[in-house]
Every structure is written in structure tokens, then in C-alpha cells.
Amino acid sequence: MKDSKGRAIEEWADIVRRVVGHVSAAETGEKRDKFFAAMSEVMLKREFIPNTPCLVNAGKANGQLAACFVLDVPDSLSGIMEHAKAAATIHQTGGGTGMTYEFLRPHGAMVSSATGVASGPVSFMNIVNQVTDVVKQGGVRRGANMGMMRVTHPDVLRFIHAKNDQHSLTNFNISVNVTDKFLKAVDNDEWFQLEFNGEPWKEPIHDPVSDGDYVIYRRGDGSTVTFCDRQAFLNANLSDCTIEEPPMPGMIFAPDIWNRIVASAHKYAEPGIAFIDEVNRHNHMMNSMGPIYSCNPCGEQFLHFSNSCNLGSIDLAKFYDPEKRIDFDRLREVTHLCTRFLDNVIDTCAWPLPEINDVVHRTRPVGLGIMGFADLCLNLNVTYGSPASIDLMDEVMGFVRRESWMESNRLGAEKGAFPEFEPNREAYTDFLYNQIGIPKDIPLTPRNYEVTTIAPTGTISLVAETSSGIEPNFSWAYVRKDTLGTRTYVHTLAAQALGMDVDQCDQESIDAAAAYVVEHERELPSHFISAMNISAEQHVHVL
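Quick caveat: nothing in here was measured; it's all calculated off a predicted structure.

Caption draft 1: Spatial organisation of the packing of helix H1 (residues 12–23) against helix H2 (residues 29–44). Following both chains from N to C, one finds H1 and H2 inclined at 140°, their axes separated by 10 Å at the closest point. Judged by the angle between their axes, H1 and H2 are oblique. Here H1 runs over H2; the crossing is right-handed. Facing H1, whose interface residues are Trp12, Ala13, Val16, Arg17, Val19, Val20 and Gly21, H2 presents Phe36, Met39, Ser40, Met43 and Leu44. Grouping the constituent residues of the contact of H1 with H2 by class yields nine nonpolar, two polar and one charged.

Caption draft 2: Structural view of the packing of aromatic side chains. Considering all chains together, one arrives at 23 aromatic pairs under this definition. When the centroid spacing of 5.5 Å and the interplanar angle of 90° are considered together, the rings of Phe474 and Tyr478 count as edge-to-face. With a relative accessible area of 49%, Phe474 lands in the partly exposed category. Take Tyr478: its relative accessible area is 24%, and that puts it in the partly exposed class. An aromatic cluster is built from Trp405, Phe418, Phe421, Tyr428 and Phe431, whose rings are joined through pairwise contacts. Note that Arg218 overlies the ring of Phe253, its terminal NZ or CZ placed 5.2 Å from the centroid.

Caption draft 3: Here's a closer look at H1. The terminal C-alpha atoms of H1, which comprises twelve residues, lie 17 Å apart, in line with the 16 Å expected from a rise of 1.5 Å per residue. Among the residues of H1, Ile15, Val16, Arg18, Val19, Val20, His22 and Val23 are the ones counted as buried.

Caption draft 4: Geometry of the pairing of strand S24 (residues 485–490). Bridge count between strand S23 (residues 477–482) and S24: six bridges; the pairing is antiparallel. Directly across from Ala477, in S24, lies its bridge partner Val490. Connecting the antiparallel pair S23 and S24 is a turn made up of two residues.

Calculation notes
Residues numbered from 1 in each chain as written. Predicted model: local features only at pLDDT ≥ 70, side-chain atom pairs only at ≥ 80, totals over all residues. Heavy atoms only, no water. Axes fitted to C-alpha atoms, helices over the stretch in contact; angles between N-to-C directions. Helix = DSSP H or I, 4+ residues; strand = E, 2+ residues; numbered from the N terminus. Parallel < 35°, antiparallel > 145°, perpendicular 65-115°, else oblique. Left-handed = near helix turned anticlockwise from the far one by under 90°. Contact = heavy atoms within 4.5 Å. Nonpolar A, V, L, I, M, F, W, Y, C, P; charged D, E, K, R; others polar. Phe/Tyr/Trp six-rings, centres within 6.5 Å; stacked < 30°, edge-to-face > 60°. Buried < 20%, exposed > 50% of the residue type's maximum accessible area, 1.4 Å probe, protein only. Lys NZ or Arg CZ within 6 Å of the ring centre and 35° of its normal. Expected span 1.5 Å × (residues − 1). Pairing = 2+ DSSP bridges.

What follows is the structure, given as C-alpha cells:
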């Protein structure tokens, strides 16, 4: 918290007291005092940090404590404007919003209530982008959105190339929801039929790269030319290519669309992709809630419409034990406490919209994650990205996931299972008994529809002074510029490996250590691998 002049008036112990005190209100009687004491110890040691909105808003009137939201975007002008208003309301409280625009009619489609035509999903994304631009998340950071579109939508090319100009949709991450059918068409070098509202699209597809109807350019060897943006098209020598039109209007060549996604992502870092059919194969609430269509801005939490998930992460590096490798007994205890903490957040959060309050309390999702994995690897002399690190990931995250579900089941027995459990009991029976490994003699009473999520932890990992999420360390020494100013960082373990002690509370000590680490980085042990020298294959294997 800050005073009227913007000066910080809290130390870490004050923040812990405020946050845990607020969340403890969900407990009653002696359990409240016991929970407050145990959870305060965890956070004072920074073994666990909740998501930023919880850190910032807990203890305030109408404190909104969650980070991740997914919203519906109805195919009507009034619905779109209500959606923009809902997104702004959530950003103002510190949350980020994800949404799919696949239900908005394509550019040029007839508008039934008028004689005109629709301007298409991307144009309405610009409205939300503009609204986001003027609303700072909880007064702390700018708003964030995830815009998604199914690969079957007739405006998919407009969507893929929407950010190529580098100044549009600056408050959006964008991702294409690719389907199994589309990926099969990619593998088989097939043309692919686009559709809207369940019906094949019979009009030509506009290509923003050529600014005309979609065609492909085929070389003499049978391959096709891929364009990452319009400039690539204008600069291309296509004199030896044959123009190939779609077999029917409304079709695209699946390998070309896939290659465009890859080329654009390589040059501009967008769009991303989501394997939406795979998401729904793990959607245990399909029976009562239907399919999932979208995720939060950072991509780690897929949710049904009007749902939200509060997050928090355990710093695995804090559980390193020189004798036992990992203190699993303490990790189990902290996992149980943190699962209870996140469940309590649901009941102590001031949800920003009535429909979100309803869905959250019917499903009760929580997202307990991990951070500090790369630092744990360093402590154990394990090279990040190696087979040994992947085995370590399976070991520790499998443990956290299983123990979190065990605690959720105990919470359900104590406080009641989440209301949507019964209509989805069959799916959860298979999942919890056969995949998670809950003993079959224990009755199923899950308190939460989901319990674990691996978030990026960009801010809270700085608070914990650990590596972010499951990512490799970015660098051993670097300069960071943000809303708080410019600061130099140096990794303590890297400095120690080079024979230097560093006082992380003394800027002169940090600066000296950072300079030394930069100068002597090549002398670091071989298991000190950073994001600068890890391969793409190693990234994928860890994931």
C-alpha cells in the first residue's frame, strides 16, 4: 500500500499480515487463527506468493483478488459493447481478460438488423484495445487481453496478420485455436473449408497480405510461397510461380495457413496457437458446462465463459535440501496450505460482475503453480532442459499436483464439493482415481474443478527472488526497466559460483557482482544454462 503521495508504507511483513488476514476471513473459529499463523509463516519465508491482484487488493474495500478471466463476446453490437465494458471493469480491478472472437460474423456478412454489412471481428477487437489503453490494471499495470479465433473462421487471415503493422492491438496477445481436422489437413497438404455458425462459408476469403481474394503461389517443385506479412508479398519474386485458386470459394490451403502462422510468429512473436480440441479432451465439465473456447492473457488458464481463476505459486528453490535433495515433507505441507489459501480467496474476493461471481462459485477453480524450477536445477547441479531436468519436473510437479488434489478432496469433505461436480462425476471419477492416483477407497468430494496452473510469475518471482515459473533463468546479470524505475539484477548463485558474495539489499554490492558475472560468465559451471543459450528443442521437452 502507498500513502497519498505514492510512497510505500508497508514492509513485507505488513503485506503478509494484510493479505493473509483478509483471506483468513473465509475460515471460522479456531481454524482461522491456525490457518493465519501457518499461512503467514509460508508467505514470510516467501515459499509461496499469490498473484499480483491478491497482493495489491487484499484488505481493501471491494478487493478483487484474481488475475485470470474469460469473457463471452456475443454477436451483436450491444453485446460487443457490454463485453468491452466488462473487460474494462475487470482491468480496473487488476485482472486480465481472455476471449474468442470466433462467434462474431465475418467481414462483409449481412447484418440482419440493417441493410449494411459487418465489419468483422478484428475491427471490434480494436474497440476493446482502445478501451484497454485508457484503463490501467488496478492502478498498477496496463490492461491485458488474449484475443483468440478458431482456425475455421472466414476472417482467420485478417486475424493472423492483425498485428503485423506493430501498432495495432497493442494490448492484446492473439492466438489461433487450431483443430485436429485442420492439423490433419496440414499433414495431408489439403485445402480446408472455412465456416461460420456451423455452415460452410461460400464467399471468397480476403487475404490482407495480397489485399485481394485468397490464392496460393506454387513453385515448380510443388512447394508454396509463404508470406509473413504484406511487405514479404510485395518484395517476393513470383515470376516462376503458378497461381492456384481454391477449389471452391471459402477454402484455404491448410499448409499455407500453418506456415503463415509460423512465419508471423517467428518475425513478430504472434500469433500463438492453442490446440483447442486437446483442451477440451481434458475438459472434465463438458457434461454440464459445454466446451471451452478461450484462455487468459498469458495462456496458462483455459476457462469457460464468465469464469475466473486466482493463482499463486510455490518457489521450489526454497525446498532444496543438501541432504535430501528436496524437502518433500515441507513441500506437502505448503501445497496443502496453499490449496486452502486459494480456495479461501474465492470466498473473500469481490468479484467484478454478477455472472462471474455465479460461475466461479459453481466451479471454484484455483491455480496453484510453481516457480524457481531453474534455480532448483542449479542447486541440484542439473542442467535445465536435459533429460534429468525433465525427470525432475515430472517428480516435483507430479507431487504438487497430486497433493493439491488430495487437499481439494479433503476441503470438499469439510466444506462441500463444488456444485458442478455431480453432473460431471463420471469424468472426475476417471480423472481423479485413474490419472491423479487418489486411492479408490477415498470418496470423491473435490472442492475445486481444477487446482494447478503453471503461470509465468513475472512479477511474483521477483518478489520471491527466484527464477520465473518453469522457465530458464533469463540472464545471470541484467538491467530491468519498469514502472518503478531502472535497476540492476544479478543472480546470487551465479555470483557465488564465481567466488563472489552479493548482498541483494545493497545496490553497490549488486552492481559490482553484476559486472563481475558479465565479465566472467564463460567461467560458470556447465549446468548454468540461461535463456540465451537453451535450444528450442529443450524448451519443448520441458513443456
